[in-house]
Amino acid sequence: MKKPTGVAETVAVFGVFAALCFVCGYIEFLLPLPFLVPGMKLGLANLVVLCALYALGPRMAAGVSLVRIVLSALTFGSLYGMMYSLAGAVLSFAVMVCLYRLPCFGTVGVSVAGGICHNIGQLLVAFAFLGVGGVLTYAPVLLLSGAVTGFLIGIAVQPVLPRIKKLL
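No experiment lies behind these values; they were computed from the predicted model shown. Counting from 1, residues in each chain are numbered in the order their sequence is written. Thresholds applied to this predicted model are a pLDDT of at least 70 for local features of residues and 80 or more for the giving and counting of side-chain atom pairs; totals over whole chains, interfaces and linings are not thresholded and use all residues. Side-chain metrics in this entry use all non-hydrogen atoms of the structure; hydrogen atoms and water are not considered.

Caption draft 1: The overall build of the chain, seen in detail. A run of H or I in DSSP becomes a helix once it reaches four residues, and a run of E becomes a strand once it reaches two; helices and strands are each numbered from the N terminus. Along its length, the chain carries six helices and zero strands. In sequence order, the secondary structure elements of the chain are arranged as α-α-α-α-α-α. Using C-alpha atoms as the atom set, the radius of gyration is obtained and then compared with a globule rule of 2.2 Å times the number of residues to the power 0.38. At 16 Å, the chain has a C-alpha radius of gyration in line with the 15 Å of a compact globule built from 168 residues. C-alpha atoms of the chain, sized along the principal axes, occupy 50 × 35 × 25 Å. To sort residues, take the accessible area from a 1.4 Å probe on protein chains only and compare it with the maximum for the residue type: under 20% means buried, over 50% means exposed, and anything in between is partly exposed. Per-residue burial for the chain yields a buried fraction of 39% across its 168 residues. We call two residues in contact when some of their heavy atoms are within 4.5 Å. At a minimum sequence separation of 6, the contacts of the chain that also span at least 24 residues come to 75%. Surface summary for the chain: the accessible area is close to 9200 Å², and the carbon and sulfur share equals 75%. Accessible surface area values rest on a Shrake-Rupley calculation with a 1.4 Å probe, where residue burial reflects the displayed protein chains alone.

Shown next as structure tokens:
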């Protein structure tokens, strides 16, 4: 796999991944899915972040994730939404990078752990800001949804990743 070499090539590839993340976030924003828990999403942008992690490495993938969160919050959300997203993304990404480096985890395992940890990060922020133990009653539903959507995203990445690596 050839990673971007020059500055212009690196910026261009980074921009494409960030734009794809943003578009996935926009699609999610447009799809009013009837979930049990407010704020629950499919995590479509994580498909692009996971591809960036495997194709470009942790540093570029972290940047793509951060740019997507900031742009999405400024466009579709609020500062509170950005804090929740950042908390979930930081915990999720840290766990995904650790598992990505272990040979026994594939894209599905990394994605499932990322989905679960994203929801844990958001629950911890909600608990810290709201100081209400009732927030934790959402935990079982959020952890299950994180596992299911993480599994689906991990499966979806498998046919896409070889094509992305081929293009780079």
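Caption draft 2: Examining the state of the cysteines more closely. Two cysteine sulfurs form a disulfide in these notes if their separation is within 2.5 Å. Taken as a whole, this structure holds zero disulfides when the rule is applied. No disulfide involves Cys 117; its sulfur sits 9.8 Å from the nearest other cysteine sulfur, which is in Cys 98.

Caption draft 3: Region of interest: the packing of aromatic side chains. When the centres of two rings from Phe, Tyr and Trp lie within 6.5 Å, Trp using its six-membered ring, the rings pair. Their planes under 30 degrees apart give stacked, over 60 give edge-to-face, and anything left gives tilted. One pass over the structure, following the stated rule, counts five aromatic pairs. Their ring planes at 25 degrees and their centres at 5.4 Å tell us that Tyr 26 and Phe 76 sit as a pair that is stacked. Placement of Tyr 26 in helix H1 (residues 7-30) and of Phe 76 in helix H3 (residues 58-76) is noted, with a sequence separation of 50 residues between them. Classification of Tyr 26 by relative accessible area gives partly exposed; the value is 39%. On the basis of relative accessibility, which here comes to 21%, the residue Phe 76 falls in the partly exposed class. Summarising the aromatic geometry, the rings of Tyr 84 and Phe 129 are spaced 6.5 Å apart at their centres and angled 65 degrees between planes, so their arrangement reads as edge-to-face. Residue Tyr 84 is found in helix H4 (residues 79-100), and its partner Phe 129 is found in helix H5 (residues 107-130); the two are separated by 45 residues along the sequence. Each member of the aromatic cluster is reached from another via a ring pair, and the members are Phe 22, Tyr 26, Phe 29 and Phe 76.

Caption draft 4: Just a nonpolar patch on the surface, in detail. Where nonpolar side chains cluster on the molecular surface, the patch consists of Tyr 80, Met 83, Phe 129, Leu 130 and Val 132 and spans about 510 Å² of accessible area. Secondary-structure assignment places Val 132 in the loop between H5 and helix H6 (139-167). On the basis of relative accessibility, which here comes to 42%, the residue Val 132 falls in the partly exposed class. A residue counts toward a patch only above 30% relative accessible area and without a salt bridge, and it is joined to like-charged neighbours within 9 Å or, for Val, Leu, Ile, Met, Phe, Trp and Tyr, to nonpolar neighbours within 5 Å. By convention in these notes, a salt bridge is any Lys or Arg side-chain nitrogen within 4 Å of a carboxyl oxygen on Asp or Glu.

This is a description of form; function is not addressed.
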